[in-house]
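Breakdown of the fold
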Amino acid sequence: MATGDFVLRPFETLPAEPDWVALKELVPAATATARTTAEHGARDVVVTTALPSAWHALHRTDGQLLLALQTLGGSGDASRDLAAALLRAIESEPGTAVETLGLPTPGPRLQDVLDLTVPFEVTVRDSFEYWLDPTVERTPQIEQALQDADAGILRTARLEGVDAAYWTRMGAKEYLRWAQPLGEQQVLDGLARLHGARASAFDGGRFLGYFRSCGIVVPVWELARGSEPEDTQAALAAFAPRFFEAIADETPLDANARRARAGLVARQVTLR
């Protein structure tokens, strides 16, 4: 693939593609597990939402490799950019950050560099403490920088029972954002069926619409004021079978669903 070729779904075929997208676009602070292939040293990698000063990657002094998703790339393929950052971190000395990346030349993607049998297990964090090597002295400057970074974290939780569903509190409101692994048209048809039948809401959740990121669809619900993750998890578990049934339905959309679909498309947002 030539440098500059745009890839619509850069994380396709990686384990838990929707969670890769969620950590890149939705979640303030989280980590996930990954490992490089034997060809690249079978190294454990901490995939993180962000690193200090928008670094692309970090080879920590204790040897731990961290790869940040919420960075800007230049090749048009986020997977290619991230693979370039990770390989550079592997080649660097411990204690070195990949601060800038530039425009990567053609080369491997994450799908080539990572062992795809290793589960992508997400842990949502309420602090960026994991940035720090436990053996490094925590100076007042480091403590202040960590406090400043932590101050920007919105409370977020990954819900159990379904994949890639994230509850978050923004100011006085709570939202559910549920990244979907299926094709956009299939998910959109399912949402339109539910919305046209006035069945797109669930107990405590009002369907707002969806946005698109990294080639997948992320439906969004506004939750009842004060909802906690446990409340939302139970309500979502009851709603999920209806949602999956609507997505699997291949019959033509009726008039109400077609109108609902047109309205959803008109107000969808693409995150780049």
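These notes cover the structure that comes with them.

The rules behind each value
- Residues numbered from 1 in each chain as written.
- Predicted model: local features only at pLDDT ≥ 70, side-chain atom pairs only at ≥ 80, totals over all residues.
- Heavy atoms only, no water.
- Helix = DSSP H or I, 4+ residues; strand = E, 2+ residues; numbered from the N terminus.
- Rg over C-alpha atoms; globule rule 2.2 N^0.38 Å.
- Buried < 20%, exposed > 50% of the residue type's maximum accessible area, 1.4 Å probe, protein only.
- Contact = heavy atoms within 4.5 Å.
- Areas by Shrake-Rupley, 256 points an atom, 1.4 Å probe, with all protein chains shown as cover.
- Lys, Arg positive; Asp, Glu negative; His and termini not counted.
- Charge placed at Lys NZ, Arg CZ, Asp CG, Glu CD.
- Expected span 1.5 Å × (residues − 1).
- Arc of directions from axis to C-beta.
- Polar contact = N/O pair within 3.5 Å; in protein donor to acceptor, adjacent residues only side chain to side chain.
- Pairing = 2+ DSSP bridges.

In this section: the overall build of the chain. Each helix and strand counted, the chain has seven helices and twelve strands in total. A compact globule built from 272 residues would reach a C-alpha radius of gyration of about 19 Å, and the chain, at 20 Å, matches this within 12%. Dimensions of the chain, computed from the C-alpha atoms along their principal axes, are close to 60 × 45 × 30 Å. The proportion of buried residues among the 272 residues of the chain is 49%. Residue pairs at least 24 apart in sequence account for 65% of intrachain contacts in the chain once pairs closer than 6 positions are excluded. Summing over all exposed atoms, the chain offers an accessible surface of approximately 13,000 Å²; the carbon and sulfur share of this is 52%. Within the chain, one finds 26 positive and 37 negative side-chain charges whose respective centroids are separated by 9 Å.

Attention shifts here to helix 7 (residues 255-267). In this model helix 7 runs 19 Å from its N-terminal to its C-terminal C-alpha over 13 residues, within 8% of the 18 Å that 1.5 Å per residue would give. Where helix 7 is concerned, the buried positions are Ala-257, Ala-260, Arg-261 and Leu-264. The buried residues of helix 7 all sit within an arc of 105° when viewed along its axis, so they share a single face. Among the exposed residues of helix 7, those oriented more than 90 degrees off its buried face are Arg-259 and Ala-266. Looking at where helix 7 begins, the residue whose side-chain oxygen comes 3.2 Å from the main-chain nitrogen of Asn-256 is Asp-254.

Below, the discussion takes up the pairing of strand 8 (residues 165-170). Of the pairings in the sheet, the one linking strand 7 (residues 156-158) to strand 8 comprises three bridges and is antiparallel in character. The residue bridging Thr-156 from the neighbouring strand is Thr-168, located in strand 8. The turn joining strand 7 and strand 8, which pair antiparallel and follow one another in sequence, is formed by six residues; a positive phi near 95° is taken by Gly-161. Counting the residues between successive antiparallel strands, the hairpin from strand 8 to strand 9 (residues 173-178) contains two residues, one of them, Gly-171, with a positive phi of roughly 65°.

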